[in-house]
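# Structure assessment
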There are 2 protein chains.
Amino acid sequence: MSDALFATLQQLLGAAHVHSSDEAAQYLTDKQGRYTGQVIAAVHPANTEEVAAVVRACVALKAPIVVQGGNTGLMAGATPDASGRSVLLLLDRMNRVRQVDTDNDTLTVEAGCILQHVQDVARAAGRLFPLSLGAEGSCTIGGNLGTNAGGTAVLRYGNTRELTLGLEVVTAEGEIWHGLRGLRKDNTGYDLRDLYIGSEGTLGIITAATLKLFPQPLAQATALLAFDQLAQAVAFLSHARAGFGANLTAFELLSADCLALLREQFPDGPQPFKGASQPWFALIELSDNHGEQHAREAFERVLGEAFEQALIADALIAESLAQSEALWLLRENMSEAQKRAGRNMKHDISVPISQVVAFVAHTDAVLQQHFPGVRNFTFGHLGDGNLHYNVAHPLDSTVEAHMAQYAELSAMVHDSAHAHGGSISAEHGIGQRKVGMLGRYKSAVELDLMRRIKQALDPHNLLNPGKVLEVQP
Amino acid sequence: MSDALFATLQQLLGAAHVHSSDEAAQYLTDKQGRYTGQVIAAVHPANTEEVAAVVRACVALKAPIVVQGGNTGLMAGATPDASGRSVLLLLDRMNRVRQVDTDNDTLTVEAGCILQHVQDVARAAGRLFPLSLGAEGSCTIGGNLGTNAGGTAVLRYGNTRELTLGLEVVTAEGEIWHGLRGLRKDNTGYDLRDLYIGSEGTLGIITAATLKLFPQPLAQATALLAFDQLAQAVAFLSHARAGFGANLTAFELLSADCLALLREQFPDGPQPFKGASQPWFALIELSDNHGEQHAREAFERVLGEAFEQALIADALIAESLAQSEALWLLRENMSEAQKRAGRNMKHDISVPISQVVAFVAHTDAVLQQHFPGVRNFTFGHLGDGNLHYNVAHPLDSTVEAHMAQYAELSAMVHDSAHAHGGSISAEHGIGQRKVGMLGRYKSAVELDLMRRIKQALDPHNLLNPGKVLEVQP
């Protein structure tokens, strides 16, 4: 069967675009090196019709289909299983920009476009495509759509879901849904678009999207703020939202321990607030449609009021683009700083913003009780209630001993997020890493609804099986 | 069977909350008086558990369930059929505000809350709930969710879908999905929320929602602008989006014929631009988080640039709240002005903004060719590409003769919207009025996907049958 399918795929796409497992090894291990799969073939279709033909060929032989973008996901959602029964679908040849429509403020791109390229195309048209995240130089817009990627601009512009007007999708039967609509309003039936977004390739294969564009801000202003306590940061967030309105485009929290780690791992990097005693900091960004001076005045007004009302302890306002970039470098270096310091346990949780203080206090305390000495490196998108609640080994223990306790420790963090009305995966998705955890946090009713939808749209469970949802054969 | 179900419902809810068809006559005809239904009973459950119990009782006897909010819909989506086999579910007793969370900027309300009450509760908490539409004094948030209502603030804040974080839903089996999450980011499975929103009660019954709140703007500025041609208005929209950013909160188009109709029907009302020769006008609103003076300066700057670049022909800036209200009255009176002038054919279409000019030119010409003398009253939400493309009878003919041609004329308008990449229902939904039209504009693939979802979530077709989608028994 495998040989027959391989030959069929070669006929459909040309031999140059169909590779064996051995030839495709670079795609078969997830970014973090936790999972490695095997496939019948890895294929690179040139267009939507070829994707549909691949799906039909796979369906005919009941071969599962795994779609992969830039392979930057953290949940191994794009890594096939080890059975060797699957076909891996790579959309790197589908990287065309189909339309730039500045009057409609939309961009239609194929799924294989690298996110940074999409940003660049928007900028060249005098517009902003605001989705922005660490992996933007290698992740694809198809992957962003499949996982409903978040990032640092969600506070103002929303997740990938909110940035998308239309989709083109190949169904589990290998048919094409032409849903590339550039409409702000369209109430003509069920919202298929949002069902596919975030479904991680388990309901259909997204091949293209029509995305929203925004005006390019004329100026941006950045500041790093210090807070005497986390509750002060939450109160300031409300103040800033009221004072800046939609011009508040980032609100990134960093604990004092995060800043210390950055100083330690990047001794030549920026060292703001060195010696400061505050436990929490936030990087905020203001975008302005008028200009530099206007942005600066807004900053002075709103931060001035905040000082008067004791909503911030200290503030460092970037006076130049270079200073602004130095402040952003702190946030951008967090991933690398942690990597250099050795592995730690990452948790991508969200809670209602009103629960952030209670969540952190409770979870910190529970962990110290059960795992004395563990060190928290908590940072993230406070404006979205999304914290990267990362936990490193006690200094008197080893990374290995710490990581061996992943299951118990993570369950405590996730239980706490859940108990505070939160989510165990704010922006990273479920993939295969968290698929076994869903049963603990989703009700039987919700899991049943999800299974019904999966069964309805992918009755043979051929689209990315084993991801998002456990389906009984 | 009917008698048995009536008795069961009385037991479940108390006799005072279960009414016969005759007693419930006020709920059985749609707002426009086009459809009248019959029911076994109209019931007023007190809470979500009672809704679930009603659904289970109906399912046991295979009685369809129609949910109705304020009965303000234009597509008769909440009117039961004439078979007398259905139960009408009225959620007017479920009108509690469950939570106001200002730190999280969310509000949790039951589906029976009147939209204006939701706005008022937000305002009392110092926040804005931006959904705003003509029927806000009597429509319910449950109805807004069921139809994904739009309105005049979509340009800035989005449709009801974009304003909703979480839902509580009673399923077709009478189970409760507790999805009232107040999270900005949550990527843990399929997007059930958005599937229920806009499904017009055909997939589940929305009983409560967690909604987004926004800062109350400190100031608002209004202007009525005149354009030499429609293309100029579209070009100015881009300019205004760039110059005002998210502070541009309304962009409502009115044709010169609309202004003339308003003058005719409201001779004591405001008469701006009387005698002006421009064919198109737009009411724009700017919201500001700083203050009056700041808003005025932004207006002067952006409108000044627009004059220099010949993007507007004339402008009337409201100098006081009274003047602002007078300008808004024009837009708000459009519905009543048309009613006073006699019935006309209403079309709630949307197209990409870049297609608005071509759509209007093409459709106007086609109609004049086939129905000489018909009069266009085109207005709507240009910022969303959503036009109320309304067509009145020729002056040398009668309303009755004109309305008799609804099917042919509307098909031309809808065909044109479709040909321009648009939608035949931008914000009014499908209900029963447009259900027969979908087959003409949706592909077989899309209709099949919708039917699979309907079948998966409502296998016995008991939830609002005959609405949105035609399902073969």
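Residues numbered from 1 in each chain as written. Chains lettered and ligands numbered in written order. Predicted model: local features only at pLDDT ≥ 70, side-chain atom pairs only at ≥ 80, totals over all residues. Heavy atoms only, no water.

A few words on the overall build of chain A. A count of helices and strands for chain A gives 15 helices and 18 strands. With the C-alpha coordinates aligned to their principal axes, the bounding extent of chain A is approximately 70 × 55 × 45 Å. In chain A, of all internal contacts separated by at least 6 residues, the share reaching a separation of at least 24 is 73%. Approximately 16,800 Å² of chain A is accessible, and the part contributed by carbon and sulfur atoms is 50%. Separation of charge centres in chain A, based on 36 positive and 51 negative side chains, amounts to 4 Å. (Helix = DSSP H or I, 4+ residues; strand = E, 2+ residues; numbered from the N terminus. Contact = heavy atoms within 4.5 Å. Areas by Shrake-Rupley, 256 points an atom, 1.4 Å probe, with all protein chains shown as cover. Lys, Arg positive; Asp, Glu negative; His and termini not counted. Charge placed at Lys NZ, Arg CZ, Asp CG, Glu CD.)

Once chain B is rotated about the relating axis by 180° and shifted along it by 0.0 Å, it coincides with chain A to within an RMSD of 0.0 Å. Accordingly, the operation relating the two chain copies is best matched by a two-fold axis. (Least-squares fit on C-alpha atoms with pLDDT ≥ 70 in both.)

Right, let's get into the interface of chain B and chain A. At the junction of the two partners, chain B supplies 85 residues and chain A supplies 85 residues. Sorting the residues of chain B by area buried against chain A places Lys185, Asn187 and Tyr190 of chain B first, and these three jointly supply 15% of that buried surface. Counting every contact that joins chain B to chain A gives twelve salt bridges. In this structure, Glu427 of chain B engages Lys185 of chain A in a salt bridge whose closest nitrogen and oxygen atoms are separated by 2.9 Å. Across the chain B-chain A interface, the total number found is 51 residue pairs in polar contact (both at pLDDT 80 or more). Mapped by element, the contributors of at least two residues to the side of chain B that touches chain A are α5 (154–157), β9 (176–179), α6 (192–196), β11 (214–215), α7 (230–244), α9 (292–308) and α15 (444–457) of chain B. Classifying every residue of the side of chain B that touches chain A by side-chain character gives 32 nonpolar, 30 polar and 23 charged. (Buried area = accessible area lost by both parts, 1.4 Å probe. Salt bridge = Lys/Arg side-chain N within 4 Å of Asp/Glu carboxyl O. Polar contact = N/O pair within 3.5 Å; in protein donor to acceptor, adjacent residues only side chain to side chain. Nonpolar A, V, L, I, M, F, W, Y, C, P; charged D, E, K, R; others polar.)

Moving on: unusual backbone geometry. One non-glycine residue, Ala310 of chain A, lies in positive phi territory at about 55°. The backbone of Asn148 of chain B sits at a positive phi, close to 50°, despite the residue not being glycine. Relative to the assigned elements, Asn148 of chain B resides in the loop between α4 (141–147) and α5.

A few words now on empty space enclosed by the protein. On inspection of all chains with the given rule, the structure shows seven cavities of 30 Å³ or more. Approximately 230 Å³ is the volume found for the second largest cavity. Together, 20 residues line the second largest cavity, and Asn247 and His294 of chain A together with Asn247, Asp288 and His294 of chain B are the ones closest to its centre. The set of elements that each furnish at least two residues to the lining of the second largest cavity consists of α7 (230–244), β14 (280–288) and α9 (292–308) of chain A together with α7, β14 (280–288) and α9 of chain B. Residue composition of the lining of the second largest cavity, by class: six nonpolar, ten polar and four charged. (1 Å grid on protein atoms, 1.4 Å probe; cavity = no way out; pocket = protein on both sides within 12 Å on 5 of 7 lines; lining within 4 Å. Points joined across faces, edges and corners; volume = space filled by probe spheres on them.)

What follows is about the UniProt feature "domain: FAD-binding PCMH-type" (unreviewed entry) in chain A. The UniProt record annotates "domain: FAD-binding PCMH-type" (unreviewed entry) at residues 35–216 of chain A. This span, residues 35–216 of chain A, is 21% helix and 26% strand, and a straight line between its end C-alpha atoms measures 40 Å. (UniProt positions renumbered as here; feature names shortened; annotations may be inferred.)

Right, let's get into the side chain of Asn247 of chain A. All names here are of chain A. Tracing the backbone shows Asn247 in the loop between α7 and β13 (248–255). With relative accessibility at 18%, the residue Asn247 sits in the buried group. In this view, Asn247 contacts Glu285, Leu286, Ser287, Asp288 and Asn289; residues no more than four positions away in its chain are not counted. (Buried < 20%, exposed > 50% of the residue type's maximum accessible area, 1.4 Å probe, protein only.)

Residue and element names in this part refer to chain A. One open sheet accounts for seven strands, arranged β15-β12-β14-β13-β17-β18-β16; its pairing is antiparallel. Two strands in the sheet have a free side with no partner beyond their single neighbour: β15 (314–317) and β16 (348–350). Adjacent strand axes in the sheet meet at a mean angle of 20°, parallel and antiparallel pairs treated alike. As defined by bridge partners, β13 adjoins β14 across seven bridges and the pair is classed as antiparallel. In the sheet register, Leu253 faces β14, and the bridge partner there is Ala282. Each of β12 (219–227), β13 and β14 is contacted by α7, which is oriented at about 170° to β13, the strand it contacts most. Against the sheet, helix α8 (residues 256–265) contacts β13, β14 and β17 (375–381), and its axis sits at roughly 80° relative to β13. (Pairing = 2+ DSSP bridges. Axes fitted to C-alpha atoms, helices over the stretch in contact; angles between N-to-C directions.)

With that settled, the discussion passes to the packing of α7 of chain B against helix α11 (residues 356–370) of chain B. Residues and elements named next belong to chain B. Contact geometry for α7 and α11: axes closest at 9 Å, N-to-C directions at 160°. For the element pair α7 / α11, the angle class is roughly antiparallel. When the axes of α7 and α11 are compared, the crossing they make is right-handed. Here α7 contributes Leu230, Ala231 and Val234 to the contact with α11, which in turn contributes Val356, Val357 and Val360. (Parallel < 35°, antiparallel > 145°, perpendicular 65-115°, else oblique. Left-handed = near helix turned anticlockwise from the far one by under 90°.)

Moving on: a positive patch on the surface. On the surface, Lys31, Arg34, Lys339, Arg343 and Lys346 of chain B cluster together into a positively charged patch. Within the fold, Arg34 of chain B resides in the loop between β1 (18–19) and β2 (39–43). (Patch = residues over 30% accessible without salt bridge, like charges linked within 9 Å, V, L, I, M, F, W, Y side chains within 5 Å.)

For soluble globular proteins, nonpolar side chains are generally found buried alongside one another. Judged by nonpolar contacts, the single largest core of 87 residues is most densely connected at Phe129, Ile141 and Tyr196 of chain A together with Phe129, Ile141 and Tyr196 of chain B. Contact partners of Tyr196 of chain B, with chain neighbours within four places excluded, come to Leu449 of chain A together with Leu167, Val169, Thr171, Trp177, Leu203, Gly204, Ile206 and Leu457 of chain B. Ranked by size, the runner-up nonpolar core spans 51 residues in total, among them Phe236, Phe251, Leu286 and Val351 of chain A. (Core = buried A, V, L, I, M, F, W, Y, C linked by side-chain atoms within 4.5 Å.)

Right, let's get into a negative patch on the surface. Among the surface-exposed residues, Glu297 and Glu300 of chain A together with Glu297 and Glu300 of chain B lie close enough to one another that they form a single negatively charged patch. At the level of elements, α9 of chain A together with α9 of chain B are the ones that each hand at least two residues to the negative patch. Summarising the element assignment, Glu300 of chain B is placed in helix α9.

Another aspect to go through is the pattern of salt bridges. Taken as a whole and judged by the stated rule, the model has 44 salt bridges over all chains. Between Asp186 of chain B and Arg181 of chain B there is a salt bridge, with its nearest N and O atoms 3.8 Å apart. By relative accessible area, which is 25% here, Asp186 of chain B ends up partly exposed. Here Asp194 of chain B and Arg193 of chain B are joined by a salt bridge, their closest N and O atoms 3.2 Å apart. Residue classification places Arg193 of chain B among the buried positions, given a relative accessible area of 15%. The network of salt bridges with common partners includes Arg161, Asp191, Arg193 and Asp194 of chain A together with Arg161, Asp191, Arg193 and Asp194 of chain B.

Moving on: the sheet that holds strand β16 (residues 348–350) of chain B. Residues and elements named next belong to chain B. Strand order in the open sheet formed by seven strands is β15-β12-β14-β13-β17-β18-β16, and the pairing between neighbours is antiparallel. A strand with exactly one partner marks an edge of an open sheet, and here the two such strands are β15 (314–317) and β16. Here the average twist between neighbouring strands, direction ignored, is 20°. As defined by bridge partners, strand β12 (residues 219–227) adjoins β15 across four bridges and the pair is classed as antiparallel. Each residue of the ladder has a partner; that of Ala223, found in β15, is Ile317. Its contacts with the sheet put α7 on β12, β13 (248–255) and β14, and the angle it makes with β13 is roughly 170°.

Every α-helical turn comprises 3.6 residues, leaving residues that sit three or four positions apart pointing alike. Residues and elements named next belong to chain B. In this model helix α13 (residues 406–419) runs 19 Å from its N-terminal to its C-terminal C-alpha over 14 residues, within 8% of the 20 Å that 1.5 Å per residue would give. If you check which residues of α13 are buried, you get Leu409, Ser410, Val413, His414, Ser416 and Ala417. One face of α13 carries all of its buried residues, which in axial projection span an arc of 155°. Exposed and oriented more than 90 degrees from the buried face of α13 are Ala407 and Ala419. Summarising the contacts, the buried residues of α13 are in contact with β16, α11, β18 (386–392), α12 (399–403) and α14 (438–441). Of the residues flanking the end of α13, it is Gly421, one or two places downstream, whose phi is positive at about 75°. (Expected span 1.5 Å × (residues − 1). Arc of directions from axis to C-beta.)

Further remarks concern the domain arrangement of chain A. If you check the domain split of chain A, you get domain 1 (2–90), domain 2 (97–215), domain 3 (219–340) and domain 4 (348–419). Each of domain 2 of chain A and domain 4 of chain A was reduced to a C-alpha centroid, and the two centroids are 32 Å apart. (Domains from an automatic or database assignment.)

By the definition in use, this model includes 14 aromatic pairs over all chains. Pairing Phe244 of chain A with Phe299 of chain A gives two aromatic rings, centres 5.8 Å apart and planes at 70°, and the pair type is edge-to-face. With a gap of 55 residues between them, Phe244 of chain A in helix α7 and Phe299 of chain A in helix α9 connect regions that are remote in the sequence. Both residues of the pair, Phe244 of chain A and Phe299 of chain A, count as buried. Both rings, one in Phe273 of chain B and one in Phe281 of chain B, keep their centres 5.3 Å apart while their planes meet at 35°; by these two values the pair is tilted. Judged by its relative accessible area of 14%, Phe273 of chain B is buried. (Phe/Tyr/Trp six-rings, centres within 6.5 Å; stacked < 30°, edge-to-face > 60°.)

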